[in-house]
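Fold and contact review
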Amino acid sequence: CYSYDTQYNRRQTRFLIPHSPKMNARVLPFAALLAFSLEAFAFVARPSHFHCVTSSPSVLTRHASSGDQNGETGSNDDKSGGIISVDVSDLGLTVADLEKKIPIHNFSFESSGYQSTSRIPDVDDGGCHWVENAEDIDVTLRIPGLIGQPAEALSVLFSTTTVSVSAFGRIVWSAIQMGISDLDDCTFMTEEGKDGVPIIQLNVRKRDVEERWGGFILQIGEDSLL
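With that settled, the discussion passes to the sheet that holds strand 6 (residues 111-115). Judged by pairing direction, the sheet is antiparallel, and its five strands sit side by side in the order 6-7-8-13-12 without closing on themselves. Each edge of the sheet is formed by a strand with only one pairing partner; in this case those strands are strand 6 and strand 12 (187-191). Between one strand and the next, the sheet's axes are offset by a mean angle of 15°, whatever the strand orientation. As paired strands, strand 8 (residues 136-141) and strand 13 (residues 199-205) are joined by six bridges and run antiparallel to one another.

Right, dumping it as structure tokens:
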């Protein structure tokens, strides 16, 4: 007789077919097809398990295994255990912490830079140094055109969108600001500087707190004489 063996879950199925030419012609193809189907099903149905465990509250461990009941696997990673661990204990976070909304006022920033005080586009004298915070912006002006002018003769006029510098009561330099300021909370101070160029320090309070200007001078005023 003819026999066909298949293996599924470690069980063997044997088909015994009587040795008869007529029976062989009818039964043999059916038995072969059935045996092949069982082999294919056994290959597809082989179990693959994924499960997550935690060895401690701060360690996440994943076990991935696939193969037969003896635990044999087909890759070197699985033979070594197939374990991936990530230690997050130093973060001190919980699921509830991740679900909380972070208030905007918990963030703060500080940026700084230099800008030119000249009306001439090709001239970059770097005479304006600004430092921006969330609530205000500090500006230090060293305008080369004011060389020789005494610091006591200088004054600063503020508006919500502009700033003007006057010498002996006459406006000699002005600029449009990058943002809108709080007119009632802007201050200035002048002092003598090196090389005869006076130093003008401004503190400009923002009207809209947390709004980022990204600089101080938007445009030099048309009435600037320097």
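Burial along strand 9 (residues 154-158) is one-sided: Leu-154, Val-156 and Phe-158 are buried, and none of Ser-155 and Leu-157, which face the opposite way, are. In the sheet, strand 9 pairs with strand 10 (residues 162-167) via five bridges, with the strands oriented antiparallel. Each residue of the ladder has a partner; that of Val-156, found in strand 10, is Val-165. Between strand 9 and strand 10, which follow one another and run antiparallel, lie three residues.

Once that is clear, we can look at the nonpolar core. Where a protein is soluble and globular, its nonpolar side chains tend to be buried together. Judged by nonpolar contacts, the single largest core of 24 residues is most densely connected at Leu-141, Trp-173, Leu-202 and Phe-216. Breaking this core down by element, the ones donating at least two residues are strand 7 (128-132), strand 8, strand 9, strand 10, strand 11 (170-177), strand 13 and strand 14 (217-220). In this structure, Phe-216 is in contact with Gln-115, Cys-128, Trp-130, Ile-137, Val-139, Val-163, Ile-176, Gln-177, Met-178, Leu-202 and Val-204, ignoring residues within four places of it in sequence.

This paragraph deals with unusual backbone geometry. Of note in this structure, Phe-168 is not a glycine but carries a positive phi near 55°. By secondary structure assignment, the location of Phe-168 is in the loop between strand 10 and strand 11. On the basis of relative accessible area, Phe-168 is assigned to the exposed category, the value being 64%. Phi at Glu-210 takes a positive value of approximately 80°, unusual for a residue other than glycine. With respect to the helices and strands, Glu-210 occurs in the loop between strand 13 and strand 14. Assessed through its relative accessible area of 33%, Glu-210 is described here as partly exposed.

In low-pLDDT regions, the fine details of the predicted coordinates are not to be read closely. Looking at the chain, pLDDT values average 75 and 60% of them are 70 or higher. In the model, residues 1-13 has pLDDT below 50 throughout and makes 33 contacts with residues more than four positions away in sequence or in other chains. Segment residues 41-78 is flagged for pLDDT under 50; beyond a separation of four residues in sequence, or across chains, it makes 49 contacts in the model.

To continue, consider the side chain of Ser-118. Relative to the elements of secondary structure, Ser-118 occurs in the loop between strand 6 and strand 7. For Ser-118, a relative accessible area of 18% puts it in the buried group. For Ser-118, the contacting residues outside a window of four places in its chain are Val-123, Asp-125 and Ile-220.

Taken together, Leu-91, Leu-93 and Leu-98 make up a surface patch of nonpolar side chains, about 330 Å² in accessible area. Structurally, Leu-93 is set in the loop between strand 5 (83-87) and helix 3 (95-99).

Glancing now at the pattern of salt bridges. For the structure shown, the criterion picks out five salt bridges. With a closest N to O distance of 3.3 Å, Arg-207 and Asp-208 form a salt bridge. Here the salt bridges share partners, and the residues they tie into one network are Glu-135, Asp-185 and Arg-205.

Moving on, we come to the sheet that holds strand 11. The sheet built from four strands is open, its strands ordered 9-10-11-14 with antiparallel pairing. The outermost strands of the open sheet, each flanked by one partner alone, are strand 9 and strand 14. Across the sheet, the mean angle from the axis of one strand to that of its neighbour is 25°, orientation sign disregarded. For strand 10 and strand 11, the ladder comprises six bridges, and the chain directions are antiparallel. Across the sheet, residue Val-165 finds its bridge partner in strand 11, namely Trp-173.

About the cut-offs
Residues numbered from 1 in each chain as written. Predicted model: local features only at pLDDT ≥ 70, side-chain atom pairs only at ≥ 80, totals over all residues. Heavy atoms only, no water. Pairing = 2+ DSSP bridges. Helix = DSSP H or I, 4+ residues; strand = E, 2+ residues; numbered from the N terminus. Axes fitted to C-alpha atoms, helices over the stretch in contact; angles between N-to-C directions. Buried < 20%, exposed > 50% of the residue type's maximum accessible area, 1.4 Å probe, protein only. Core = buried A, V, L, I, M, F, W, Y, C linked by side-chain atoms within 4.5 Å. Contact = heavy atoms within 4.5 Å. pLDDT = per-residue confidence, 0-100. Patch = residues over 30% accessible without salt bridge, like charges linked within 9 Å, V, L, I, M, F, W, Y side chains within 5 Å. Areas by Shrake-Rupley, 256 points an atom, 1.4 Å probe, with all protein chains shown as cover. Salt bridge = Lys/Arg side-chain N within 4 Å of Asp/Glu carboxyl O.

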